[in-house]
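Observations on the model geometry
Read off the chains here:
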Amino acid sequence: MTYRVVHLFIGFFFSFSMGAQHDEIICKEFSQMVQNERDEHINLVEFKANPNTDNYDLKYHRLEWHIDPAINYIEGRVTSYFVPKSEDFQEIHFDMASNLQINSIYYHDQRIDPQMYSINDDNLKIQLPNVLFFPELDSITIEYEGVPNSSGFGSFEIRTHDGTPVMWTLSEPYGAKVWWPCKQDLNDKIDSIDILVKTPSQYKVGSNGVLVNASNEGTQTIYHWK
């Protein structure tokens with residue numbers, strides 16, 4: 001917010017000190033800024049969570065990623081613990097970009113038949129092998145990979161710092177699904193997460209939470225945040 005205010009004051013300063021041609025350019029830029037802010041607000045207000053994800057309560061995530069900041073690609077393994085909200089729960093949905101590739105899905109350490117799941121319109125639907133007990137805690141693991149799309153606001157970005165590739169994520173406000181299967185709904189707060197990132201050893205990984213461990217594995221380092 002501070003940056004935006006400063007930027008607006010700079011725009012006004014130059015609009016009063018330059019000629020008419022520059023005034024016109026700056027007015028157009030300012031109008032575009034106003035429109036961008038308006039569009040962002042509308043997206044926030046009009047956002048509707050995927051109704052297919054409303055029948056379970058997420059409790060915990062274990063997020064395991066293999067990434068290289070020099071390459072726009074991700075390999076991941078996401079384990080989600082959840083509690084069903086209904087007695088006849090046998091199908092679970094996640095928000096996930098349709099261009100990502102599912103390698104395997106495991107339920108109770110058993111691989112689910114690929115015919116039992118599908119991705120359409122950024123919705124991952126998984127048919128479970130049996131009806132789950134209500135309201136007992138259960139879990140499912142999704143292994144996937146692919147090139148994350150850009151959804152704006154730094155959902156999954158690669159830049160350089162002094163010529164060295166760097167990678168960062170923000171996913172604000174609803175960009176997480178472009179790089180991992182999740183429940184994109186602010187009304188369901190998980191209790192905790194474990195984040196394990198494997199990356200070339202010349203890099204360091206920062207995250208929310210507390211750094212539990214950093215262990216070397218050949219030319220790679222695995223960072224564990226909780």
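So, a few notes on the structure that sits alongside this text. (Residues numbered from 1 in each chain as written. Predicted model: local features only at pLDDT ≥ 70, side-chain atom pairs only at ≥ 80, totals over all residues. Heavy atoms only, no water.)

**Description of the environment of Gly218**
Condition: By the criteria applied, helices consist of DSSP H or I runs no shorter than four residues and strands consist of E runs no shorter than two, each listed in order from the N terminus.
Among the secondary structure elements, Gly218 is positioned in the loop between strand S12 (211-217) and strand S13 (220-225). Taking the C-alpha atoms as reference points, Gly218 and Ser201, separated by 17 residues in sequence, lie 8.6 Å from one another.

**Looking at the sheet that holds strand S2 (residues 74-84)**
Each strand in a sheet pairs with its neighbour through backbone hydrogen bonds, running either in the same direction (parallel) or in the opposite one (antiparallel). The test is simple: Here a strand pair is declared whenever DSSP counts at least two bridges between the two strands.
Taken in spatial order, the 8 strands of this open sheet run S5-S4-S8-S2-S1-S11-S13-S12, and their pairing is mixed. Of all strands in the sheet, those with a lone pairing partner are strand S5 (110-111) and S12, marking the two edges. Strand direction decides the pairing type here: S12 and S13, joined by 6 bridges, are antiparallel. When the bridges of S13 are listed, Asn213 appears paired with His224.

**Brief notes about the pattern of salt bridges**
For side chains of opposite charge, pairing can occur when their charged atoms come near one another. Short version of the rule: When a carboxyl oxygen of Asp or Glu is within 4 Å of a side-chain nitrogen of Lys or Arg, the pair counts as a salt bridge. The buried label applies to any residue whose accessible area, calculated with a 1.4 Å probe on protein chains only, is under 20% of its type's maximum; exposed applies above 50%, and partly exposed to all values in between.
For the structure shown, the criterion picks out 9 salt bridges. For the salt bridge of Lys177 with Asp122, the shortest nitrogen-to-oxygen distance reads 3.4 Å. One end of the pair, Lys177, is in the loop between strand S10 (164-168) and strand S11 (192-200); the other, Asp122, is in the loop between strand S6 (117-120) and strand S7 (123-127), and 55 residues separate them in sequence. Residue Glu217 pairs with Lys198 through a salt bridge whose shortest N-O separation is 2.6 Å. On the criterion of sequence distance, the pair formed by Glu217 in strand S12 and Lys198 in strand S11 is long-range, its members being 19 residues apart. Judged by relative accessible area, which is 42%, Glu217 ranks as partly exposed. Residues joined by salt bridges that share partners form a network here, namely Arg62, Glu64, Arg77 and Glu143.

**Re the nonpolar core**
Applied cut-off: Among buried residues, those of type Ala, Val, Leu, Ile, Met, Phe, Trp, Tyr and Cys that are joined through side-chain atoms within 4.5 Å constitute a nonpolar core. Contacts are residue-level and defined by heavy atoms, with any inter-residue pair within 4.5 Å sufficient.
Residues Trp65 and Ile126 are the most contacted members of the largest nonpolar core, which totals 39 residues. In terms of residue count, the dominant contributor to this core is strand S1 (residues 56-66) (4 residues). Not counting residues up to four positions away in its chain, the partners in contact with Trp65 are Ile74, Glu75, Gly76, Val78, Tyr144, Trp179, Trp180, Ile195, Leu196, Val197 and Lys198.

**Considering the pairing of S6**
Every second residue of S6 is oriented toward a common face, the buried set being Tyr117 and Ile119 and the non-buried set Ser118 and Asn120. In terms of strand pairing, S6 meets S7 through 4 bridges, oriented antiparallel. Paired with Ser118 across the strands is Lys125, a residue of S7. Hairpin connection from S6 to S7: 2 residues lie between these consecutive antiparallel strands, with Asp121 at a positive phi of about 50°.

**Thoughts on the side chain of Thr79**
In plain terms, the rule: Any pair of N or O atoms that falls within 3.5 Å is considered a polar contact. Within protein, one atom must be able to donate a hydrogen and the other to accept it, and sequence-neighbouring residues count only if both atoms are side-chain atoms.
In this fold, Thr79 is placed in strand S2. Among the polar contacts made by the side chain of Thr79, one reaches the side chain of Thr141 at a distance of 2.8 Å. For Thr79, the residues in contact, after removing those within four places along its chain, are Tyr60, His61, Arg62, Ser139, Ile140 and Thr141.

**A few points about the sheet that holds S6**
Condition: Axis definition: a line fitted to C-alpha atoms, over the contacting stretch in the case of helices. Angles run 0 to 180 degrees between N-to-C directions.
As summarised here, the arrangement of the 3 strands in space is S3-S7-S6, forming an open sheet in which the pairing is antiparallel. Each of the sheet's edge strands pairs with one partner strand only, and the pair in question is strand S3 (91-95) and S6. The average undirected angle you get between the axes of adjacent strands in this sheet is 20°.

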